[in-house]
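# Understanding the architecture of this molecule
Residues per chain are reported as follows:
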There are 2 protein chains.
Amino acid sequence: MDVRQRVGRNLKKYRKEAGFSQEGLALECGLHRTYVSGVERGVRNPTVVVLERIAEALNVPAARLLDDSES
Amino acid sequence: MDVRQRVGRNLKKYRKEAGFSQEGLALECGLHRTYVSGVERGVRNPTVVVLERIAEALNVPAARLLDDSES
């Protein structure tokens, strides 16, 4: 699976666990809702700085967003 | 610690464990040596796609490059 799709799948999972809508998470991170949506759909290629901002808002280590649950 | 510095420290560690020079790793990944050097020094902000390329060359999961060994 492409790394962007992996990040998207993990983000969606942790966002829902944290009880955020895409818009709520975007506001929390200072990102645009369509950007968060793009990351979740695997069409965006976020940098590690953005990944860290998202992970902090979700209160998970940034490394979790890169996890490959199949490995 | 800034996420870029964390990635840099982890990259250096795994690169040395894998027995690569910066130049050797750069060649393996199709990146420029100065780019690899910049990531190690924490002055570059790589995307997840680049992180994955580096991780594949080092034969470690990409998530390891984001690990915070202090947590």
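Nothing here was measured: the structure is a model prediction, and the numbers come from that model.

Cut-offs applied
- Residues numbered from 1 in each chain as written.
- Chains lettered and ligands numbered in written order.
- Predicted model: local features only at pLDDT ≥ 70, side-chain atom pairs only at ≥ 80, totals over all residues.
- Heavy atoms only, no water.
- Helix = DSSP H or I, 4+ residues; strand = E, 2+ residues; numbered from the N terminus.
- Rg over C-alpha atoms; globule rule 2.2 N^0.38 Å.
- Buried < 20%, exposed > 50% of the residue type's maximum accessible area, 1.4 Å probe, protein only.
- Core = buried A, V, L, I, M, F, W, Y, C linked by side-chain atoms within 4.5 Å.
- Contact = heavy atoms within 4.5 Å.
- UniProt positions renumbered as here; feature names shortened; annotations may be inferred.
- Least-squares fit on C-alpha atoms with pLDDT ≥ 70 in both.
- Buried area = accessible area lost by both parts, 1.4 Å probe.
- Salt bridge = Lys/Arg side-chain N within 4 Å of Asp/Glu carboxyl O.
- Polar contact = N/O pair within 3.5 Å; in protein donor to acceptor, adjacent residues only side chain to side chain.
- Nonpolar A, V, L, I, M, F, W, Y, C, P; charged D, E, K, R; others polar.

The helix and strand tally for chain A stands at 4 helices and 0 strands. Reading chain A from its N end, one meets helices and strands in the order α-α-α-α. Computed over the C-alpha atoms, the radius of gyration of chain A is 11 Å, within 12% of the 11 Å expected from 2.2 N^0.38 for a compact globule of 71 residues. With the C-alpha coordinates aligned to their principal axes, the bounding extent of chain A is approximately 30 × 20 × 20 Å. Going through the 71 residues of chain A one by one, you find that 48% of them count as buried.

For the rest of this paragraph, the subject is the nonpolar core. Within the largest apolar cluster, 46 residues are counted, with the highest numbers of intra-cluster contacts made by Leu25, Ile54 and Leu66 of chain A together with Leu11, Leu25, Ile54 and Leu66 of chain B. For this core, the elements supplying multiple residues, two or more each, are α1 (3-17), α2 (22-29), α3 (33-40) and α4 (48-58) of chain A together with α1 (3-17), α2 (22-29), α3 (33-40) and α4 (48-58) of chain B. Excluding residues within four positions of it along the chain, leucine 25 of chain A makes contact with Leu11, Arg15, Phe20, Val36, Ile54, Ala57 and Leu58 of chain A.

Attention now moves to the UniProt feature "domain: HTH cro/C1-type" (unreviewed entry) in chain A. The UniProt record marks residues 11-65 of chain A with the feature "domain: HTH cro/C1-type" (unreviewed entry), using the residue numbering of this structure. Measuring from the first to the last C-alpha atom of residues 11-65 of chain A gives 6 Å, for a span that is 62% helix and 0% strand.

Superposing chain A onto chain B requires a rotation of 180° together with a translation of 0.0 Å along the rotation axis, leaving an RMSD of 0.0 Å. Here the symmetry operator amounts to a two-fold rotation axis. It is threonine 47 of chain A whose C-alpha, among those of chain A, lies nearest the rotation axis, at 1.9 Å. When the interface residues of chain A are mapped onto chain B, 100% of them again fall at the interface, so both copies present the same face.

Where interface size is quoted, it is often the accessible area lost as the parts come together. On the chain B side, the residues contacting the 16 residues of chain A number 16 residues. Where chain A abuts chain B, roughly 1,400 Å² becomes buried across the two surfaces, and 67% of that area is made up of carbon and sulfur atoms. Sorting the residues of chain A by area buried against chain B places Asn45, Val48 and Leu66 of chain A first, and these three jointly supply 37% of that buried surface. Inspection of the region where chain A meets chain B yields 2 salt bridges. Close ionic contact of glutamate 52 of chain A with arginine 6 of chain B constitutes a salt bridge, the shortest N to O distance being 3.0 Å. At the junction of chain A with chain B, the criterion picks out 10 residue pairs in polar contact (both at pLDDT 80 or more). Elements supplying a minimum of two residues to the side of chain A that touches chain B: α1 and α4 of chain A. Tallied by class, residues from the side of chain A that touches chain B come to 9 nonpolar, 2 polar and 5 charged.

Looking now at the environment of arginine 64 of chain B. Along the chain, the position of arginine 64 of chain B falls in the segment after α4. Sequence-wise, arginine 64 of chain B and phenylalanine 20 of chain B are 44 residues apart; in three dimensions their C-alpha atoms are separated by 17 Å. If near-sequence neighbours (up to four positions away) are discounted, arginine 64 of chain B is found in contact with Arg64 of chain A together with Asn10 and Tyr14 of chain B. Among the polar contacts made by the side chain of arginine 64 of chain B, one reaches the side chain of aspartate 67 of chain B at a distance of 2.5 Å.

Right, let's get into unusual backbone geometry. Phi at asparagine 59 of chain A takes a positive value of approximately 60°, unusual for a residue other than glycine. Relative to the elements of secondary structure, asparagine 59 of chain A occurs in the segment after α4.

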